[in-house]
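# Examination of the molecular architecture
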Amino acid sequence: MTDLKAITSHFAISGEVAEIKPLGSGLINDTFLVTTRYPDTPDYVLQRINQAIFTDVPLLQENIRYITSRIRYHLQQRNANDIDRKTLTLVPATDERLYYYDGNSYWRLTIYIAGSKTFEQVTPDLAYQTGRAFGEFQYFLSDIPNPPIGAIPDFHNMEFRLGQFREAIARDKAARLAKVQPIVDELLGRSEEMCRAERLHREGKLPKRITHCDTKVNNMLFDQDDRFLCVIDLDTTMPGFVLSDFGDFIRTAANKGAEDDKELDRVGLDMEIFREFARGYLETASAFLTPIEKQLLPYGAQLLTYMQTVRFLTDYLNGDTYYKIQYPEHNLQRTLAQLTHLHSIDSHLEEMNAWINQLSNQ
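Structural notes, computed from the coordinates. (Residues numbered from 1 in each chain as written. Predicted model: local features only at pLDDT ≥ 70, side-chain atom pairs only at ≥ 80, totals over all residues. Heavy atoms only, no water.)

## Describing the nonpolar core
One finds Met158, Phe165, Phe246, Ile250, Tyr281, Leu303 and Leu313 to be the most contacted residues of the largest nonpolar core, which totals 93 residues. Here this core gets 11 residues from one element, more than from any other, and that element is helix α10 (residues 297-318). Not counting residues up to four positions away in its chain, the partners in contact with Phe246 are Phe274, Phe277, Ala278, Tyr281, Leu297 and Ile356. By size, the runner-up hydrophobic cluster in this structure holds 14 residues, among which are Phe11, Val17, Val34 and Leu46. (Core = buried A, V, L, I, M, F, W, Y, C linked by side-chain atoms within 4.5 Å. Buried < 20%, exposed > 50% of the residue type's maximum accessible area, 1.4 Å probe, protein only. Helix = DSSP H or I, 4+ residues; strand = E, 2+ residues; numbered from the N terminus. Contact = heavy atoms within 4.5 Å.)

Structure below.
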């Protein structure tokens, strides 16, 4: 069993560690809250980085340092108050690196933002606030002259994800293909449509910008009065399409059901959440978005829901090697729930497009 206090001792922390306990419900990294003994010293967030996914930890950490420094710069330019609560602060190891390697695992530490909280569900008001926040997040990073390359190449590249999917189908490593063949056929039948963004980029019509690439509700911190503080979980921040960030939020937060809901009749698009998120997002992002980026925002909701369906099913076919699962058929249930949500988004596409056009013309 890992001695977490011993791991923490390799970072330049203030105060004496009193307790370390699990924090959050992330699917990738192992996260712990490090509580110090006295109130005048900060608490910390300790993470074991998943090396199977993040194979270049020094690059990963340098990307995060760069991103957080740019956000801090813009907040300073605005004379924002409480800046330390509005962006993550990395704590270096005692050897001044941004991580510690114990011989088996890589670890990192950030300052815990006291009095902060996350939400698993979102109200229309929180959706509006979050839309503004992610639009601003992208705006803060839209002027980066030499963008970081990202720790996971092709993370939101649909052509790449379909390549992985087809390889998983061909190998059928866990002998599960026959059970899900109708879903496989449906997803492959939509593959050309879902690769439109990459084609438009190659044609010079759709730019890539620095995007978060994991815009879940619980990747944002709020204060105790439900006011937005900052975006967290920056591991996947990298060049991508703005419609990916927009679409991934709609995939998660505007779903009336859970990402892995066993009751599929609960799953479907919440148009009120969509409208409020879009309203907030365009208030802060319109200044730098091109017309085609605005036009494709509803398509982004389709794309990211389709992409996640493909990724869950790929992992299921591969024998559950990527996502943490709670039971043997968990990735299949995730696939079914995401596919149901995709069908709901399809049925609301005309209404979504009309709302984006209305906001864009105001």
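## Some words on the side chain of Thr31
Structurally, Thr31 can be placed in strand β2 (residues 30-36). On the accessibility criterion, Thr31 (18% relative accessible area) is buried. Polar side-chain contacts of Thr31 include one of 2.9 Å to the side chain of Gln47. Leaving out residues up to four positions away in the same chain, Thr31 has contacts with Lys21, Pro22, Leu23, Val45, Leu46 and Gln47. (Polar contact = N/O pair within 3.5 Å; in protein donor to acceptor, adjacent residues only side chain to side chain.)

## Some thoughts on the packing of helix α3 (residues 124-140) against helix α8 (residues 271-285)
At a minimum axis distance of 7 Å, the contact between α3 and α8 shows a crossing angle of 30°. As for how α3 packs across α8, the hand of that crossing is right-handed. Residues Pro124, Ala127, Tyr128, Thr130, Gly131, Arg132, Phe134, Gly135, Glu136, Gln138 and Tyr139 of α3 touch α8, and the partners they reach there are Glu272, Ile273, Glu276, Phe277, Arg279, Gly280, Tyr281, Glu283, Thr284 and Ala285. Its residues placed into classes, the contact of α3 with α8 shows nine nonpolar, six polar and six charged. (Axes fitted to C-alpha atoms, helices over the stretch in contact; angles between N-to-C directions. Left-handed = near helix turned anticlockwise from the far one by under 90°. Nonpolar A, V, L, I, M, F, W, Y, C, P; charged D, E, K, R; others polar.)

## Some thoughts on the packing of helix α7 (residues 242-253) against α10
At their nearest, the axes of α7 and α10 sit 7 Å apart, and the two run at 65° to each other. As summarised for this structure, α7 and α10 are arranged roughly perpendicular, according to the angle between their axes. The crossing of α7 and α10 is right-handed. Along its contact with α7, which presents Leu243, Ser244, Phe246, Gly247, Asp248, Ile250 and Arg251, the element α10 presents Leu297, Gly300, Ala301, Leu303, Leu304, Thr305 and Gln308. (Parallel < 35°, antiparallel > 145°, perpendicular 65-115°, else oblique.)

## A closer look at unusual backbone geometry
For Asp226, which is not glycine, the phi dihedral falls at a positive 65°. With respect to the helices, strands and loops of the structure, Asp226 is situated in the loop between β8 (220-222) and β9 (228-231). With a relative accessible area of 29%, Asp226 lands in the partly exposed category. Positive phi, close to 55°, is recorded for Asp233, a residue that is not glycine. When you line up the elements, Asp233 lands in the loop between β9 and β10 (238-240). Looking at Asp233, the relative accessible area reads 29%, which means it is partly exposed.

## Digging into the pattern of salt bridges
Overall, the coordinates contain 29 salt bridges when judged by the stated rule. Note that Glu62 and Arg65 form a salt bridge whose closest N and O atoms lie 2.6 Å from each other. With Glu62 and Arg65 both in helix α2 (residues 57-77) and three residues apart, the pair spans about one turn of that helix. Residue Arg65 is classed as partly exposed on the basis of its relative accessible area, which comes to 34%. Two residues, Lys208 and Glu198, come together in a salt bridge whose shortest N-O distance is 3.9 Å. In this pair, Lys208 is assigned in the loop between α6 (196-202) and β7 (209-211) and Glu198 in helix α6, connecting sequence segments 10 residues apart. If you follow the salt bridges from partner to partner, you end up with Arg132, Glu276, Arg279 and Glu283 in one network. (Salt bridge = Lys/Arg side-chain N within 4 Å of Asp/Glu carboxyl O.)

## So, the side chain of Thr215
Among the structural elements, Thr215 can be located in the loop between β7 and β8. Taking the relative accessible area as the measure of exposure, Thr215 reaches 0% and is therefore buried. In terms of polar contacts, Thr215 uses its side chain to reach the backbone carbonyl oxygen of Asp245, at 2.7 Å. Among the polar contacts made by the side chain of Thr215, one reaches the main-chain amide nitrogen of Phe249 at a distance of 3.0 Å. Ignoring anything within four residues of it in the chain, the contact list for Thr215 reads Phe134, Asp245, Asp248, Phe249 and Thr252.

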